[in-house]
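Residue-level structural notes
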Amino acid sequence: MKRYKCTVSYCGAAYSGWQTQLNGTSIQEQIESALSTICVREMHITGAGRTDAKVNAWGQVFHFDTDLEMKPARWRSALNGKLPPDIRIRIAEEAGRYFHARYCVRSKCYEYRINTGEYNVFSRNYAYQCPVELDIEAMKEASAVFTGTHDFTSFNSTTLREMPNQVRTVDSIDFRREGEELVISYTGKGFLRYMVRMMSAALIDAGRHKKSADEIRNMLEERSKRTDRRNAKPEGLTLKEISYYDILSMNDTLMIREWLKDDVIPDWYRIAHQTGEQPLSFVLCERRGQRVIGVLECEPGNNAKLILEEEENMDEAGELLQSLNEYLLRHEIAEKAEILIR
């Protein structure tokens with residue numbers, strides 16, 4: 001059984017969203033139908049996340065498992081031969097044994113595209129038609145309200161019952177001009193339902209001088225589903241790119257994976273300067289909660305060192321060594337790893 005990772009682009013205009021549902025046609029349904037035809041049995045895929053009706057994607061990612069042997073390029077062409085012209089597999093590749101399209105996400109980038117020129121029938125499916133002048137400086141000022149870590153209860157439609165913790169981190173919000181189109185890029189590890197569209201609507205209001213940065217900040221700080229917010233049009237939104245981290249080894253309770261910038265490194269160990277001189281670093285963490293309990297250091301020419309916080313984790317960490325060493329050799333990082341107690 002092999003796992004394959006696919007990057008897919010689609011125009012969402014004709015679809016009810018990514019996820020299979022009772023009413024309407026979804027992108028997931030189209031891909032699963034094509035895959036099932038190729039494999040001659042019912043197949044299911046796991047996506048990185050959902051996109052809503054009429055929302056587009058350039059870099060949506062999904063994975064599937066199969067025992068049918070084909071090269072990745074062949075999977076790509078076979079799927080594209082069965083899919084409608086508004087859904088296209090851009091990349092197909094064999095994935096590592098621990099890869100998961102949803103759980104291994106490092107960050108996502110969404111773009112919201114606004115046409116501020118004359119109504120354009122050719123861009124109406126991927127850009128919000130807003131033929132008014134927008135004050136970009138006012139939009140940039142308002143965007144600072146959203147960057148960083150905040151409780152986004154006021155700016156998403158996910159219920160508090162479904163997800164009580166609505167704190168999220170927006171790493172950056174950037175603006176660029178492409179002719180008559182203004183593109184707003186949002187980068188972060190994860191976004192709640194309608195969160196990007198609600199932020200975009202608020203920024204458009206700022207650009208039209210309908211809301212100030214202070215008013216938007218007050219809305220955010222209300223942390224209320226009753227805040228006077230709205231959704232920007234779905235066709236302006238595109239899931240642009242998803243970045244992933246590698247899992248080197250994993251068992252039922254622990255995993256060794258790439259170090260992420262949000263990891264809380266234990267007091268007994270601090271990541272050295274963020275320069276090219278820093279040893280390549282990975283962490284040992286709990287699968288549930290992701291608490292970091294060890295660090296894997298890899299220096300060129302030396303064996304890797306898995307440094308643990310507590311001796312009691314030695315046996316479980318030892319279970320990870322075989323697949324860890326396979327990873328290190330395959331990627332020419334080190335010949336093997338040894339376990340040390342701090």
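Refer to the structure presented above.
Reference entry: report on the structure contained in this document. (Residues numbered from 1 in each chain as written. Predicted model: local features only at pLDDT ≥ 70, side-chain atom pairs only at ≥ 80, totals over all residues. Heavy atoms only, no water.)

In this section: the overall build of the protein chain. Looking only at helices and strands, the protein chain has seven helices and 16 strands in total. For 342 residues, the compact-globule formula gives about 20 Å, and the C-alpha radius of gyration of the protein chain, at 23 Å, lands near that figure. By its C-alpha atoms, the protein chain is 65 × 50 × 40 Å across when sized along the principal axes. In the protein chain, buried positions account for 50% of the 342 residues. When contacts within the protein chain are restricted to residue pairs at least 6 apart in sequence, those whose partners lie at least 24 apart make up 68%. (Helix = DSSP H or I, 4+ residues; strand = E, 2+ residues; numbered from the N terminus. Rg over C-alpha atoms; globule rule 2.2 N^0.38 Å. Buried < 20%, exposed > 50% of the residue type's maximum accessible area, 1.4 Å probe, protein only. Contact = heavy atoms within 4.5 Å.)

On to unusual backbone geometry. A positive phi angle, near 60 degrees, is found at His209, a position not held by glycine. As for its placement among the helices and strands, His209 is situated in the loop between α4 (195-207) and α5 (213-222). Although it is not a glycine, Glu332 adopts a positive phi angle of roughly 55 degrees. Structurally, the position occupied by Glu332 is in the loop between α7 (321-330) and β16 (337-341).

Counting 83 residues, the largest nonpolar core has Ile114 and Phe146 as the members making the most contacts within it. The element that contributes the greatest number of residues to this core is α4, accounting for nine residues. If we skip the residues at most four places from it in the chain, Ile114 touches Tyr128, Cys130, Leu134, Met139, Glu180, Glu181, Leu182, Ile184 and Ile204. Grouped together as the second largest cluster of nonpolar side chains are 20 residues, Ile293, Tyr327, Ala334 and Ile339 included. (Core = buried A, V, L, I, M, F, W, Y, C linked by side-chain atoms within 4.5 Å.)

Along strand β1 (residues 2-10), eight of the nine residues are buried, which leaves the element largely enclosed by surrounding structure. Pairing of β1 with strand β3 (residues 56-66) involves eight bridges; the strand directions are antiparallel. Its bridge partner lying in β3, Lys5 is registered against His63. In this structure, β1 lies alongside strand β4 (residues 87-94), joined through seven bridges in antiparallel fashion. Opposite Thr7, over in β4, you have Ile91 as the bridge partner. (Pairing = 2+ DSSP bridges.)

Once that is clear, we can look at the pattern of salt bridges. On inspection of all chains with the given rule, the structure shows 20 salt bridges. A salt bridge links Lys211 to Asp205; its shortest N-O distance comes to 3.3 Å. We classify Asp205 as buried; its relative accessible area is 6%. Salt-bridge contacts for Arg230 lead to Asp205; the nearest nitrogen and oxygen are separated by 2.9 Å. Here Asp205 lies in helix α4 and Arg230 lies in the loop between α5 and β10 (237-244), a separation of 25 residues in the sequence. Taking relative accessible area as the criterion, Arg230 reaches 39% and is therefore assigned partly exposed. Through salt bridges with shared partners, a single network forms among Glu111, Arg113, Arg176, Glu178 and Glu181. (Salt bridge = Lys/Arg side-chain N within 4 Å of Asp/Glu carboxyl O.)

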